[in-house]
Structure formats: structure tokens, C-alpha cells
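# Descriptive structure summary
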Amino acid sequence: MLALLIVLALGLVISGMVAITAVEGGPLFIAALLVLAPAAIVFFRYPFVAVMLWLLIFPFVARDVTGFQATVYRVVHLAMIPITLWLVLVKSWAQTRNRPVVRFGLPEYVMLLSLLWTVANIYLFGDQPLRLIMHMYDRVFVPYCMYWLVRLIAPTPEDLRRLLPVAFFTLIVQATIGILSWFAPSVLPVQWQAVSMEERVVGTFKNPAVYTSTLLFLSMLIFQFGMNSKALWLRAIAIFAISVAFLCTLISFSRGSWLGGTLVGIGLTMLYPRVFIRLGAVGVVSLVILGATVLNHEAAFALERLDDENTAGGRLLSGVKSLGMIDSRPVFGWGYGNFDKYDEQFRVQVGEMENLVERTSHNTYMTLMAEQGIPALVLYLLPAFLWLLQSLAVWQRLPRRGFWSVTLLAMLWLLLLDHFTVSNFMDMIRFNYFGTTIWWIALALIATMVAPYTPAGRPAVLSANLANLANR
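These remarks concern the structure in this document. (Residues numbered from 1 in each chain as written. Predicted model: local features only at pLDDT ≥ 70, side-chain atom pairs only at ≥ 80, totals over all residues. Heavy atoms only, no water.)

### Topic: the environment of M111
Along the polypeptide, M111 turns up in helix α6 (residues 106-125). With 268 residues separating them in the primary sequence, M111 and L379 have C-alpha atoms 6.9 Å apart. Leave out the neighbours within four places in its chain, and M111 touches Y144, Y147, W148, P383 and W440. (Helix = DSSP H or I, 4+ residues; strand = E, 2+ residues; numbered from the N terminus. Contact = heavy atoms within 4.5 Å.)

Next up, the structure:
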């Protein structure tokens, strides 16, 4: 009965979103219905294709969700992932044999508790609960659905190999758009141009942190596969891909991305010392030569970014306001979506910045605590902490060589470290749904690698398979 109720509840949520999309989408929605049946068959037979399409399409609508792009956004992000999850659950519930062996445990239950905490916070402290629930659907529920979808699919090494062409295409296109937006913006559509020096390089995303963390994620998958291949051309592509990702991280002119990229680079040097020591040496020499010649303007801007006191002061001011909100209401916060409503009450003079206006905390985790209390942050990060403990516990049992090995697991944790780092410089959950979902995809892949090596009865596998709950 529990599994049936979960499937029906998820179907009800999806139905509501489909109805809203139908009203706002008009003829485009009717056209989408024509391909709904064949698409459903494909997703039903091979649901991992939803993850591939999401990575392929969503980046191009993440920055501007108006007009036709808004319809694509609703279909690809708001509808496709939850619907595919629903299809997987229905398929699992309907089968009597060959049920999936994936077990949901404490991390997944914590995620459900996190959702319940947010919903309760909305109805207790929110001014417009229905509108806030819709925002939560975008920001939190769909990324959680992506995690649950990847967990239930349990991608194999072959699935990730099929993902690599999509990863390489997205990486190259985003890198090209990012480079052109800085050096030759006129050749790009207006919405992808870097309209000012302050906007920095973001590709088709809204934020440089999302841009760089996404490119590092895609390039690390390609690099891990290429370096474990005997074909020289695949190794060359792997080195090219990781080099492009770090180049784009450098020209993002984002200090948070620089710090995150540095941590990733240190980690990769520990995993592949020979390759990255050579790459680092070549990169440093190239940057010195180019920075002194054709890229002297960019080098000067990078130094200016390092010494920019205005943005640092703004973050200091917003951080002080956030700490004041957290200290005032540490348990329940000021209400989901209410940061901008109450933050000015906690403004204090910081140096000579009394006239500076900051309408965001510039910190994902401070915003979470200010709006929903410290327990909300604990619930949000606890699944990653639990899988980190499980990763350390089974580290020695994982394969030492090959694509699907302990090296890939380490790279996924490096991605989460980068993501955590950049999220301390910007509001990831509040403004960047793509970046938030990347976090949960990476964590789901970690869980997929670790779970088979975890003995039954450990925290990661406290419950029976969600699909088998229908038999209880």
C-alpha cells in the first residue's frame, strides 16, 4: 500500500504540472502530446535516456525561461524527470519478477524528511503557500526526483559510456559559447553574450559557478573513461576535455570557481600525478606567455578580480545580515522564500558600506538556515555525509583499476567538493536549478557505486527495496 500511495501521489503532482503547462503552453503543448506516447515507451524501456536528454537540452534554456524556452524548460525539467521517475516506479510496482535490487535507506528517508520540513515551513511561515510550493517544486523536488531516478535506474558502466557523447557535446558547445561570449560576443545570440565585464563567462547558464562546475563534471567523466582506454585517440580526447574545462574555469573570472577548480586540480593531481603535473607545467608556462602578450587585458582583469573589495564587501555585509537572521530564529527560520523580506532588519554598518544594497546572502547554506532554520541545512547535507561515511567504509572493496573504479568515485567526490565550495559564494538552490540538480546526480552516482559493496543492515540499506513494499 505504501508503494501504491507513493506512485499515486507522485502521479497527482505530475498531473497538476501537466495541467499548468497545458494552459500556458497552448499549441506547443498539443504538439508535445503527439510525441508523448512514443517517448513514454522509450522512457519506460530505457529510463536513463531522460538523464541524457536533460543534460543535452536543459543547459540551453537555463539562462532564459521566457517564451518558447519556458515551454522547453517546463517539459524537460519540470515534467520529464518526475514523469520518468513515476514510470520507473509504476514498472517496478507492476512487475512480479525480476524486481530491481536497489534498496532505499536512511539517506533517502532523510531527503523525504527534508521535503516535509520545507512544506511545513511554507505553510507555517509563508505568505503565499501555493506559489512557494511551486517554487519548491522547481528548486528542490525535481532535483530530488533526479536523485531518486538515478538511484532506481542504478546506471551501469555501459550506461555512463552511452552518456559520454552527450557529455562531450555539451562540454564543447558550452566551452565554445563561453569563450566566444568574452572574445567575440557579436557572433552569439543576445541572450548568450557577456554584456559587461562584470557578468563574466557563464556559457548558457546564469552563473559562472554553475558553468564551471558543470564543465568539470562532464570533463571528469570523459577523462576517467579516456585514461582507462588503450586507444591513444581516446586518451588525447580525455586530456583535451579536462584542459578545456580548466581553461573555462580560469576565464570565468569567478573567485569561487577558481577556488573550487584549484581543489579539484589538487585532487586530480593526486589521482593522476604524471598527467596533471605535466598539464600543470604546460598550463603555467602558456598562461605566463599569453598573459604577457595577447591576453594581457584578461590577465589584468583577473588581478582586478582578485583585488576587488566591492564584491567582497557586499558578501561580508550580506553574510552579517544572514548570521543575524539565523541567530534570531535558529530552529525554524524566517520562512521559505522570505530572505528578501526580512534581511534589511538585520543590516549593520560594516566599514563604509552602509549604502550598499545586497538582496541575497551570496551563500546557499546561509540562505537555507536563515529561511528554514539550522535543521533544514542538516537535513539537506546529511545524505551526502551518510554516503561519504559509506564510501570510506567500502573504499578498499572497490575495484582499483578501470573506468568503474575507486578513481571514478574519488572524482565524483571532487565534484561535490567543488560544488560545495562555489555554493558558499552564491545562492545555488534559490537561483540555479541546473546546478542544484547536478549535485544530486553526482550523489546518486556515488550511491550507485557504493551501495553494492555495503553489507545489508548498514545505514545505507536499512529498508527493503521500495518496489517490494507493495508486497507488504
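Resuming the write-up.
### A few points about the layout of surface pockets
In this structure, the largest pocket encloses a volume near 1100 Å³. For the largest pocket, the lining is made up of 32 residues, of which F246, L247, L250, G283 and L287 are closest to its centre. Of all the secondary-structure elements, those providing two or more residues to the lining of the largest pocket are α8 (157-183), α10 (232-251), α11 (255-271), α12 (273-292) and α13 (296-306). Split into classes, the residues belonging to the lining of the largest pocket amount to 21 nonpolar, 10 polar and one charged. (1 Å grid on protein atoms, 1.4 Å probe; cavity = no way out; pocket = protein on both sides within 12 Å on 5 of 7 lines; lining within 4 Å. Points joined across faces, edges and corners; volume = space filled by probe spheres on them. Nonpolar A, V, L, I, M, F, W, Y, C, P; charged D, E, K, R; others polar.)

### Thoughts on the packing of aromatic side chains
A ring pair, where both rings are aromatic, is described by two values, the distance of the centres and the angle of the planes. This structure, assessed with the given rule, holds 22 aromatic pairs. Here the aromatic rings of Y144 and W148 are separated by 6.0 Å at their centres, their planes lie at 70°, and the arrangement is edge-to-face. A residue pair is termed a helical-turn pair when its members lie 3 or 4 positions apart in one helix, as Y144 and W148 do in helix α7 (residues 129-153) at four residues. Exposure class is identical for Y144 and W148. Each is buried. Between Y380 and W440, the aromatic rings sit 5.4 Å apart at their centres with planes inclined by 90°, giving edge-to-face as the arrangement. Highlighted residues: Y380 in helix α17 (residues 374-394) and W440 in helix α20 (residues 433-450), separated in sequence by 60 residues. In terms of burial, Y380 and W440 fall into one category: buried. Linked through ring pairs, W54, F58, Y73, F205, Y211, Y433 and F434 together constitute an aromatic cluster. In this arrangement the basic side chain of R329 is found over the ring face of W334, its NZ or CZ atom lying 3.9 Å from the centre. (Phe/Tyr/Trp six-rings, centres within 6.5 Å; stacked < 30°, edge-to-face > 60°. Buried < 20%, exposed > 50% of the residue type's maximum accessible area, 1.4 Å probe, protein only. Lys NZ or Arg CZ within 6 Å of the ring centre and 35° of its normal.)

### A few points about unusual backbone geometry
The phi torsion of most residues other than glycine is negative, and most of the peptide bonds are trans. The backbone phi angle of A154 is positive, close to 55°, even though this residue is not glycine. Locating A154 in the fold gives a position in the loop between α7 and α8.

### Topic: α7
Along α7, the sharpest kink reaches roughly 45°, centred on Y137. The buried fraction of α7 amounts to 20 of the 25 residues, a majority that puts the element mostly inside the structure. Among the residues trailing α7, A154 stands out with phi positive, at a value near 55°. (Bend = angle between axes of the 7 residues up to and from the residue.)

### Re empty space enclosed by the protein
Taken as a whole and assessed by the stated rule, the structure comprises five cavities of 30 Å³ or more. Put simply, the largest cavity is a space of about 210 Å³. Looking at the largest cavity, it is lined by 17 residues, and the ones nearest its centre are V140, Y336, L368, Q372 and I429. Sorting the residues of the lining of the largest cavity by element identifies α6, α7, α16 (364-372), α17 and α19 (428-431) as the ones contributing at least two each. The residue makeup of the lining of the largest cavity, split by class, is eight nonpolar, five polar and four charged.

### Details of the packing of α17 against helix α18 (residues 406-423)
Relative orientation and spacing of two packed helices are given, respectively, by the angle between their axes and the distance between those axes. Two elements in contact, α17 and α18, have axes whose closest approach is 12 Å; the angle formed by their N-to-C orientations is 150°. One finds that α17 runs roughly antiparallel with respect to α18. Helix-helix and strand crossings are classified by hand; for α17 and α18 the assignment is left-handed. In this structure, α17 uses L381, A384, W387, L388 and S391 to contact α18, whose residues at the interface are L409, W413 and F420. Residues of the contact of α17 with α18, tallied by class, amount to seven nonpolar, one polar and no charged. (Axes fitted to C-alpha atoms, helices over the stretch in contact; angles between N-to-C directions. Parallel < 35°, antiparallel > 145°, perpendicular 65-115°, else oblique. Left-handed = near helix turned anticlockwise from the far one by under 90°.)

### Considering a nonpolar patch on the surface
Taken together, the side chains of F385, L388, L389 and L392 make up a nonpolar region of the molecular surface, amounting to roughly 370 Å² of accessible area. Among the structural elements, L392 can be located in helix α17. Taking relative accessible area as the criterion, L392 reaches 57% and is therefore assigned exposed. (Patch = residues over 30% accessible without salt bridge, like charges linked within 9 Å, V, L, I, M, F, W, Y side chains within 5 Å. Areas by Shrake-Rupley, 256 points an atom, 1.4 Å probe, with all protein chains shown as cover. Salt bridge = Lys/Arg side-chain N within 4 Å of Asp/Glu carboxyl O.)

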